[in-house]
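An overview of the molecular structure
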Amino acid sequence: MSEADEGVRLTLDEVRVLARRVLLGAGLSREHAAAVAETMVAGERDGCTSHGIYRLLVAANSIARGVVVTDAVPIVSEPARALVKVDGGGGFAQLAFERGRGLLADKARSYGIAALALNNVVHFAALWPEVEALASEGLVALAFTPSHAWVAPAGGTEPVFGTNPIAFGWPRSGAHPFVFDFATSAVARGEIELHRRAGKPVPDDWGYDADGKPTTYAEAVLAGAMRTFGGHKGSALAAMVELLAGPLIGDMTSRESIAADGGRGGSPIGGELIVAIDAAGFLGDAVADHLARAEAMFAAIEGQGARLPSQRRYEARARSLADGVVIAPALYQDIMALAQGE
């Protein structure tokens, strides 16, 4: 571990140890702490700092405010042959996903397509680690989750939607999976929070203040409403996510989630829908030929100098595996204060 003006350099193992230490100290059970820490390690490893160990502050806040059941035991059930349901019992979503992941993959291979509903869980992280894990097992994967009502619909200025991410993973032979994960909001909420912490203005098309006016003040957007990306297109996708991972699986919409929070200021409460598809279930013996056609499309994209989604993450991963990561000094101080119980 070394400290310099630009920040504190940590190996990924040091990030993992620190994350687990803080989460255990905050009261999380060992199983939950291990699962949650891995998503933070993944964020730091892949250069996604808004989903890295900054999220320790978010998780610890939700625990301290009583939003999270710290020792929740996820309950797995099978409502239909190709469906898996995990009731997370009010704990963080990561352990619930781990409990249902293997059965989801088995069902996808048996029936060609299967779905996993995570219910009654607390969310604060990205979805790409989940779809990448399934794609690494040779499955096509999609994931959706609402959040708190922080985002205004196109044409409005009052929050209705969450940031409502959509993630997709596609397996590739001899290469990292093709993965994308993006919020249907103009930007992730964590990115606005990082601007607030750094005292930096945000673009005036990221959101509105509490009076419904565009603003460049991060704290004003956090207190007002974020915008969807792409106007009505992002707004429609956000509504789709609300329906797929809310009413369809018997869980909360973003408005219901923030109401259930009751002003505690914790992370979103609700559900997540994950769909896994086995290409061989559709294609049989021809699967290799058709996957090769997908590779031809990827080659056509990269052949003209364009990037595939997630390429920057994989490049950052290679660097961090070799050199570790750098944590901003102020953030490191805040995390160490948590670790020391201050």
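Computed from a predicted structure; not experimentally measured.

Evaluation of the coordinates by the stated rule reveals two cavities of 30 Å³ or more. In terms of lining residues, the largest cavity is bounded by Ala93, Gln94, Val122, His123, Phe124, Ala125, Ala126, Leu127, Glu130 and Glu272. Class assignment of the residues belonging to the lining of the largest cavity gives a composition of six nonpolar, two polar and two charged. Considered as a void within the structure, the second largest cavity measures approximately 30 Å³ in volume. Forming the boundary of the second largest cavity are His123, Thr145, Pro146, Ser147, Met252, Thr253, Ser257, Pro268, Ile269, Gly270 and Gly271. Among the residues forming the lining of the second largest cavity, the class breakdown is four nonpolar, seven polar and no charged.

What the rule picks out here adds up to eight aromatic pairs. Cation over ring: Arg313 sits above Trp128, and NZ or CZ is 3.9 Å from the ring centre. Here the basic side chain of Arg313 rests over the ring of Tyr314, its NZ or CZ set 5.2 Å away from the ring centre.

Ordered by their spatial adjacency, seven strands build an open sheet running β3-β4-β5-β11-β6-β7-β8, and the pairing between neighbours is mixed. A single partner strand is all that each edge strand has here, and the edge strands are β3 (75-80) and β8 (178-182). With direction set aside, neighbouring strand axes in the sheet form an average angle of 15°. Where strand β4 (residues 83-87) meets strand β5 (residues 113-122), five bridges bridge the pair, whose relative direction is parallel. Looking at the pairing, Leu83 lines up with Ala115 of β5. With respect to the sheet, helix α5 (residues 128-135) is in contact with β6 (140-144), β7 (166-170), β8 and β11 (269-277), its orientation differing from that of β7 by roughly 20°.

Next up on the list: unusual backbone geometry. The phi dihedral of Asn164 is positive, around 45°, even though this residue is not glycine. Relative to the elements of secondary structure, Asn164 occurs in the loop between β6 and β7. You will see that Ser310, though not glycine, has its phi angle at about 80°, which is positive. Turning to its location among the elements, Ser310 is positioned in the loop between α11 (287-302) and α12 (311-323). On the basis of relative accessible area, Ser310 is assigned to the buried category, the value being 14%.

Put simply, the second largest pocket is a space of about 370 Å³. Lining of the second largest pocket is provided by 21 residues; of these, Glu38, Thr39, Ala42, Glu98 and Pro129 occupy positions nearest its centre. Mapped by element, the contributors of at least two residues to the lining of the second largest pocket are α1 (12-25), α2 (30-45), α4 (93-111) and α5. With six residues, α2 is the largest single contributor of residues to the lining of the second largest pocket. For the lining of the second largest pocket, the class distribution of residues is eleven nonpolar, three polar and seven charged.

Another point: the packing of α2 against α4. At a minimum axis separation of 8 Å, α2 and α4 run at an interaxial angle of 95°. It follows from the interaxial angle that α2 and α4 lie roughly perpendicular. Along its contact with α2, which presents Glu31, His32, Ala35, Val36 and Thr39, the element α4 presents Gln94, Leu95 and Arg99. Taken together, the residues that form the contact of α2 with α4 break down as three nonpolar, three polar and two charged.

Let us look at the pairing of β3. Along β3, only zero of the six residues are buried, which leaves the element largely exposed. As judged from the four bridges shared by β3 and β4, these two strands associate in the antiparallel manner. Opposite Val76, over in β4, you have Val86 as the bridge partner.

Rules and cut-offs
Residues numbered from 1 in each chain as written. Predicted model: local features only at pLDDT ≥ 70, side-chain atom pairs only at ≥ 80, totals over all residues. Heavy atoms only, no water. 1 Å grid on protein atoms, 1.4 Å probe; cavity = no way out; pocket = protein on both sides within 12 Å on 5 of 7 lines; lining within 4 Å. Points joined across faces, edges and corners; volume = space filled by probe spheres on them. Nonpolar A, V, L, I, M, F, W, Y, C, P; charged D, E, K, R; others polar. Phe/Tyr/Trp six-rings, centres within 6.5 Å; stacked < 30°, edge-to-face > 60°. Lys NZ or Arg CZ within 6 Å of the ring centre and 35° of its normal. Pairing = 2+ DSSP bridges. Helix = DSSP H or I, 4+ residues; strand = E, 2+ residues; numbered from the N terminus. Axes fitted to C-alpha atoms, helices over the stretch in contact; angles between N-to-C directions. Contact = heavy atoms within 4.5 Å. Buried < 20%, exposed > 50% of the residue type's maximum accessible area, 1.4 Å probe, protein only. Parallel < 35°, antiparallel > 145°, perpendicular 65-115°, else oblique.

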